[in-house]
Amino acid sequence: MKKTIVVVGAGKGLGNGVAEKFGSNDFRVVLMARSEEHLKEYAADFEAKGIEVHTQAADVANFNAFAETFCKVVKTYGTPDVLFYNVGITVADEEVQISEQTLVDRYVVDVAGAYNCIKLVDTEEFAQKKGAILVTGGGLALQPYAGYLPLSMDKAALRAMVQALSPVLKEKDIYLGTVQVTGTIGSNDFYAPKTIAEEFWKLYTERETFEIVH
């Protein structure tokens, strides 16, 4: 039976890059993002490459609504084999005014949204499939920078969450891992989505460590 990857945070960069890597290995791809218009565009690209693709609009910041939508996805396509969380706000601090509320709003998307997704697949059905949860981390978790303060804080929290929950989920045969991307995605060949996607594939297939620093 064909396996399924659900990509939360589809996009022309890493989200779709990882989706294509799995799709090229005979996975059914389900893309989730806020914009239905963008999802239609992504779907057309995947279809042109001969990859089975489906889409579902959803906003991770609305926990209850997202959970309802995710459950519909599971009902339609079955329990996935892989969940990939690729959501994060990467705007430089100089472009916006950072306030206490900014920190809260960013945390909701960057970290709490990931936790919500992890809870949604922490099920007996997912465990029976030896399911995998993959999360996009960032080098700012290891070397924080004041010019990206909210993102630095959130990537550190995200890394801590993955590290803490990975052994707990492992006991249920569920894998949880992250790639810490230490540079700007797409800035060169090393940070190309296609290259980083190989690291996520390595996490999925080997399941030996909770983290790869790239």
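Here goes a summary of the coordinates provided.

1. Focus: the overall build of the chain
Within the chain, the secondary structure is distributed over seven helices and seven strands. In the chain, the order of α-helices and β-strands from amino to carboxyl end is β-α-β-α-β-α-β-α-α-β-α-β-α-β. Against the compact-globule benchmark of 17 Å for 214 residues, the chain has a radius of gyration of 16 Å, which places it among compact chains. Across its three principal directions, the C-alpha atoms of the chain cover 50 × 40 × 35 Å. The buried share of the chain, taken over its 214 residues, is 49%. Sequence separation of at least 24 residues holds for 71% of the intrachain contacts in the chain that already meet a minimum separation of 6. With the model as given, the accessible surface of the chain reaches about 10700 Å², and the carbon-plus-sulfur share is 49%. When the 21 positive and 29 negative side-chain charges of the chain are each reduced to one mean point, those points stand 5 Å apart.

2. Examining the packing of aromatic side chains
Throughout the structure, instances matching the rule amount to ten aromatic pairs. Between the aromatic rings of F22 and W201, the centroid separation amounts to 4.8 Å while the plane-to-plane angle is 75°, which identifies the pairing as edge-to-face. One end of the pair, F22, is in helix α1 (residues 14-23); the other, W201, is in helix α7 (residues 193-206), with 179 residues separating them in the sequence. The buried category is assigned to W201, whose relative accessible area is 18%. When the ring of F190 is compared with that of Y191, the centres are 4.9 Å apart and the planes differ by 80°; the resulting orientation is edge-to-face. Relative accessible area serves as the criterion here: at 14%, Y191 is assigned to the buried category. An aromatic cluster of at least three residues, connected via ring pairs, comprises F22, F27, W201 and Y204.

3. A short note on the pairing of strand β2 (residues 27-33)
In terms of residue burial, β2 counts as a mostly covered element, since seven of its seven residues are buried. Burial of β2 is two-sided: the residues F27, V29, L31 and A33 facing one way and the residues R28, V30 and M32 facing the other way are all buried. Strand direction decides the pairing type here: strand β1 (residues 3-8) and β2, joined by six bridges, are parallel. Paired with V8 across the two strands is M32, which belongs to β2. Note on the crossover from β1 through α1 to β2: the handedness is right-handed. In terms of strand pairing, β2 meets strand β3 (residues 53-57) through five bridges, oriented parallel. Its bridge partner being in β3, L31 is matched across the sheet by T55. A crossover links β2 with its parallel partner β3, the connecting element being helix α2 (residues 36-48), and its sense is right-handed.

4. Structural notes on the environment of Q143
Relative to the helices and strands, Q143 resides in the loop between β5 (132-138) and α6 (149-170). Exposure remark for Q143: the relative accessible area of 64% places this residue in the exposed category. For the pair Q143 and Y115, spaced 28 residues apart in sequence, the C-alpha to C-alpha distance is 23 Å.

Rules and cut-offs
Residues numbered from 1 in each chain as written. Predicted model: local features only at pLDDT ≥ 70, side-chain atom pairs only at ≥ 80, totals over all residues. Heavy atoms only, no water. Helix = DSSP H or I, 4+ residues; strand = E, 2+ residues; numbered from the N terminus. Rg over C-alpha atoms; globule rule 2.2 N^0.38 Å. Buried < 20%, exposed > 50% of the residue type's maximum accessible area, 1.4 Å probe, protein only. Contact = heavy atoms within 4.5 Å. Areas by Shrake-Rupley, 256 points an atom, 1.4 Å probe, with all protein chains shown as cover. Lys, Arg positive; Asp, Glu negative; His and termini not counted. Charge placed at Lys NZ, Arg CZ, Asp CG, Glu CD. Phe/Tyr/Trp six-rings, centres within 6.5 Å; stacked < 30°, edge-to-face > 60°. Pairing = 2+ DSSP bridges. Right-handed = clockwise from strand over helix to strand, strands pointing away.

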